[in-house]
Structure formats: structure tokens, C-alpha cells
Amino acid sequence: MNSAITQDFAPVIRAVERLLPQHYSPQDQIIGALRDLWATRHYNVERLEELHRSVQVDGRFLALPIEQYHTLTTFQQRNDAWIKVASELGEQVVGKALERTGLTPRDVDHIFFVTVTGISTPSIDARLMNRMRMRSDVKRTPIFGLGCVAGAAGVSRASDYLRAWKDQTALLITVELCSLTLQREDLSIPNIIASGLFGDGAACVVLQGAGKAPANAGPRVVATRSVLFPDTERIMGWDVVDSGFKVVLSAKVPQLVREHIRQDVDGFLAEQGLTRKDIKHWVAHTGGPKVLQAFEDSLELVAGSLERSWKSLHEVGNLSSASVLFVLGDTLAAGVAQPGDWGVMMAMGPGFCAELVLLRW
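Residues numbered from 1 in each chain as written. Predicted model: local features only at pLDDT ≥ 70, side-chain atom pairs only at ≥ 80, totals over all residues. Heavy atoms only, no water.

**A few points about unusual backbone geometry**
Trans peptide bonds make up the majority, and among non-glycine residues the majority have a negative phi.
Inference 1: Here the amide bond leading from Thr121 into Pro122 is cis, since omega sits at 5 degrees, within 30 degrees of zero.
Inference 2: Summarising the element assignment, Pro122 is placed in the loop between β4 (110–115) and α5 (124–131).
Inference 3: Residue Phe352 follows Gly351 across a cis peptide bond; omega there is -10 degrees.
Inference 4: Topologically, Phe352 is positioned in the loop between β12 (342–349) and β13 (353–360).
Inference 5: If you check the backbone angles, Glu300 has positive phi at about 55 degrees while not being a glycine.
Inference 6: Tracing the sequence through the fold places Glu300 in the loop between α9 (289–299) and α10 (307–316). (Helix = DSSP H or I, 4+ residues; strand = E, 2+ residues; numbered from the N terminus.)

Set out below in C-alpha cells:
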């Protein structure tokens, strides 16, 4: 495939806006709350703290004040809270993203909404259309179940659409409120790790087709690649139980990264006539310390290549689908990319799968 030809039709990322809930708890406070919850039921409370420290998260922003979580005793209560907060955060982050580009809600043609932490029918995108008085003919594509990979996959699907509708504007909106999925009765290692790793946040990406975006308005989405690893359904995801979403999280995730990501990236880049040496900017999902280390080792990245991913992990934790968009937003805000630079955005999630996005400034 000729990348020069592809770029003539490549959609443009106009803006990436990120938003965190107002309630922040340092990791020590969260550890303390969980110690109190689980102290009488777990034989080794010190092991709980050890697992939390191992994920290298300093603190997290939460959908609700930490003292309110004990009042949510049913799945319905937690999901009702998710709908309320997701609608509020979604409206705020979309408003900020549109303001950054000089657009209004009436300029939006298509909404892609991704999440894995709550259920709503009608979906949150429909609620946002009403709250923000968007046009009634806006197309909607709500996507549930992709988890951590959905930020990158959402950019891919939105750009796929804009290659056909090159005079339109699309939004990718992600809201993940991981704290509302905590299973308080589950003392498994995966649940304990998840309770220390995942945080809450929202992001919105404004994309425009090649016929709509102003010149030099942002990086172009030149190519995308989806990869499903066969027979890996139990590596990551949810078991939907009476109390809600019970996490499935295998210790094999870093191993799968090491086994696959190099050949997947190399093959993807080769189709565009590129190699890893051509890539100036790496935007990686903050899957956790072992996942980020596996990315660095497998791709033989120079020191500091994933600095923004590490920083985001430490400061806010893993925000599921929003995480890679937080790192992308940080990359754009830093202003380090020069015209002609290549970048790769990559994330992995339930399936088990990977999504790769090639960017050109």
C-alpha cells in the first residue's frame, strides 16, 4: 500500500480532550479503605497492600466520594450511578473538545461511544444528543465490550467512517468508571489487582474527514490494524454475575505482549513501507507496569519512548479505553511532534486483541 496515496484520504484528529472526575483519593487512602473492607475476610492483609503497591499507581480519580461507595450494595445502584456520572462527564468532555476546535454540537455528524464499565439503553450517546441539543440526524455507534483496547479501536472505526464520508465530523467519546465495578465480595488476585490499578476518566476525540479538516490541523490517521489472538477469550474481560461485572484478568497478558506485539507492529509498518526506526512517537495504553515493560522490551524502544504512558499510569492509573487517549492527548499538548513525524498508537484488550493506529503529523 502506498502511504502517500493513503494520506490524501486520511482523516484528521483535530483535538483530544481529557477529563477526570473531581473526587481524588491517594493510593494510601484507597488501600486503607480496602484493608478495612477485607481485613476480617482475608488471611493476609499485607498481601493486599503489596499487590496494590506493585501496580505503581500513586492515586486515582473516582466517580464518587470514596465514603459513598459502601452505600452501593447492588448492581442496579452502581449502574444507576454510572449512567448519571457518565452522562455528566460525557457532556463536559465533549463541550471542551468542541470548544478547542471552534466547533459546536450542531457540527457533529457521527458519534462513536465506547465503554465497558456500565450499561445504558438508550446509550449514553443518545442522552448526550439531547443534553447538548445536537442535530436529530446524527449517526450513533455505541460500542461495548472492547475494554482497554477501545480507545485505539474507536479511533480506527471513526477514521474508517470518515474515509467514506470525508466532509463530515465525528466524535469518539469514552467514559470509563472502573471504580463502580468493584466486586467487594471477590477476594481473588485479579480483583485485588484491578482494585489497585483501574481508575475513572473520560476522553473525547474530534476527527474530521480529509475534505473537512483545515490544513495542518492535527495528525492524520493513515492506517489501522486489528489483531485477534485465537482462543484467548479468558485472558481479559468480565464474567457477568448477579452482583455485576466480575473481572477476568490473566497473569499471561505481559507474556502475550512479548509473544506478539513485535511481529504485529513490524508487519503493520511494513505494509506502509516503514520500520520501527521511522516512528518518532509511541502512544501506548497504560496496561500496567509489566505490560509497558513488555512493550518497551519487545519493540526495542529507546529510553523515554513511553514516558507519557508511565507518567499517566503513575498519576491516574489504568482508565481502560480512555487511557491511550489520555496519552495521545498528552502527546499533542506537549507540542513535540514536527510536520512529517510518524507515530504509532497501540492498545490491547479483551478478545484477546490488539489495535494499532498509524499517525502522520
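**Digging into the state of the cysteines**
Inference 1: Across all of its chains, the model carries 0 disulfides by this definition.
Inference 2: Cysteine Cys148 is unpaired, with the sulfur of Cys178 as its nearest cysteine sulfur at 7.5 Å.
Inference 3: Classification of Cys148 as buried rests on a relative accessible area of 4%. (Disulfide = S-S within 2.5 Å. Buried < 20%, exposed > 50% of the residue type's maximum accessible area, 1.4 Å probe, protein only.)

**So, the packing of aromatic side chains**
Inference 1: This structure, assessed with the given rule, holds 7 aromatic pairs.
Inference 2: Geometrically, the ring pair formed by Phe112 and Tyr161 is edge-to-face, given 6.2 Å between the ring centres and 65 degrees between the ring planes. Taken together, the residues Phe112 in strand β4 and Tyr161 in helix α6 (residues 150–164) connect sequence positions 49 residues apart. Here the two residues Phe112 and Tyr161 agree in accessibility, since each one is buried.
Inference 3: Of the aromatic side chains, those joined through ring pairs into one cluster are Phe75, Phe144, Trp238 and Phe245.
Inference 4: One residue, Lys139, lies across the ring of Trp165, its end atom 5.3 Å from the ring centre. (Phe/Tyr/Trp six-rings, centres within 6.5 Å; stacked < 30°, edge-to-face > 60°. Lys NZ or Arg CZ within 6 Å of the ring centre and 35° of its normal.)

**Here's the deal with the UniProt feature "domain: Chalcone/stilbene synthase C-terminal" (unreviewed entry) in the protein chain**
Inference 1: In the UniProt entry, the feature "domain: Chalcone/stilbene synthase C-terminal" (unreviewed entry) is given for residues 225–360.
Inference 2: Helix makes up 40% of residues 225–360 and strand 28%, and the two end C-alpha atoms of the span are 15 Å apart. (UniProt positions renumbered as here; feature names shortened; annotations may be inferred.)

**Here we look at empty space enclosed by the protein**
Inference 1: Here the structure, examined in full by the defined rule, presents 2 cavities of 30 Å³ or more.
Inference 2: Estimated volume of the largest cavity: approximately 70 Å³.
Inference 3: Along its surface, the largest cavity is lined by Phe75, Arg78, Asn79, Trp82, Thr117, Gly118, Leu180, Thr181, Gln183, Ser243, Gly244 and Phe245.
Inference 4: When residues of the lining of the largest cavity are traced back to their parent elements, those giving at least two are α4 (75–101) and β10 (244–249).
Inference 5: Along the lines of polarity and charge, the residues of the lining of the largest cavity split into 4 nonpolar, 7 polar and 1 charged.
Inference 6: Residue contributions to the lining of the largest cavity reach at least three from each of two domains, namely domain 1 (11–206) and domain 2 (217–358). (1 Å grid on protein atoms, 1.4 Å probe; cavity = no way out; pocket = protein on both sides within 12 Å on 5 of 7 lines; lining within 4 Å. Points joined across faces, edges and corners; volume = space filled by probe spheres on them. Nonpolar A, V, L, I, M, F, W, Y, C, P; charged D, E, K, R; others polar. Domains from an automatic or database assignment.)

**Some remarks on the nonpolar core**
Inference 1: Residues Leu269, Trp282, Phe295, Leu306, Phe352 and Leu358 are the most contacted members of the largest nonpolar core, which totals 42 residues.
Inference 2: Among the secondary structure elements, those contributing two or more residues to this core are α7 (189–197), β8 (220–228), α8 (253–271), β11 (279–284), α9, α10, β12 and β13.
Inference 3: At 7 residues, the largest contribution of residues to this core is made by α8.
Inference 4: Taken domain by domain, the makeup of this core includes at least three residues from each of domain 1 (11–206) and domain 2 (217–358).
Inference 5: In this view, Phe352 contacts Val227, Leu228, Phe229, Thr232, Glu233, Ile235, Met236, Val253 and Leu256; residues no more than four positions away in its chain are not counted.
Inference 6: Counting residues in each nonpolar core, the second largest holds 34 residues, with Leu64, Val108, Ile124 and Cys204 among its members. (Core = buried A, V, L, I, M, F, W, Y, C linked by side-chain atoms within 4.5 Å. Contact = heavy atoms within 4.5 Å.)

**Concerning the side chain of Asp125**
Inference 1: Tracing the chain through its elements places Asp125 in helix α5.
Inference 2: Polar side-chain contacts of Asp125 include one of 2.8 Å to the side chain of Ser123.
Inference 3: Residues in contact with Asp125, not counting those within four places in the same chain, are Ile111, Phe113, Arg140 and Pro142. (Polar contact = N/O pair within 3.5 Å; in protein donor to acceptor, adjacent residues only side chain to side chain.)

**Quick word on the environment of Lys84**
Inference 1: Residue position: Lys84 is located in helix α4.
Inference 2: Note: C-alpha distance between Lys84 and Val206 (122 residues apart in sequence) is 23 Å.
Inference 3: A polar contact of 2.8 Å, which involves the side chain of Lys84, links it to the side chain of Glu88.

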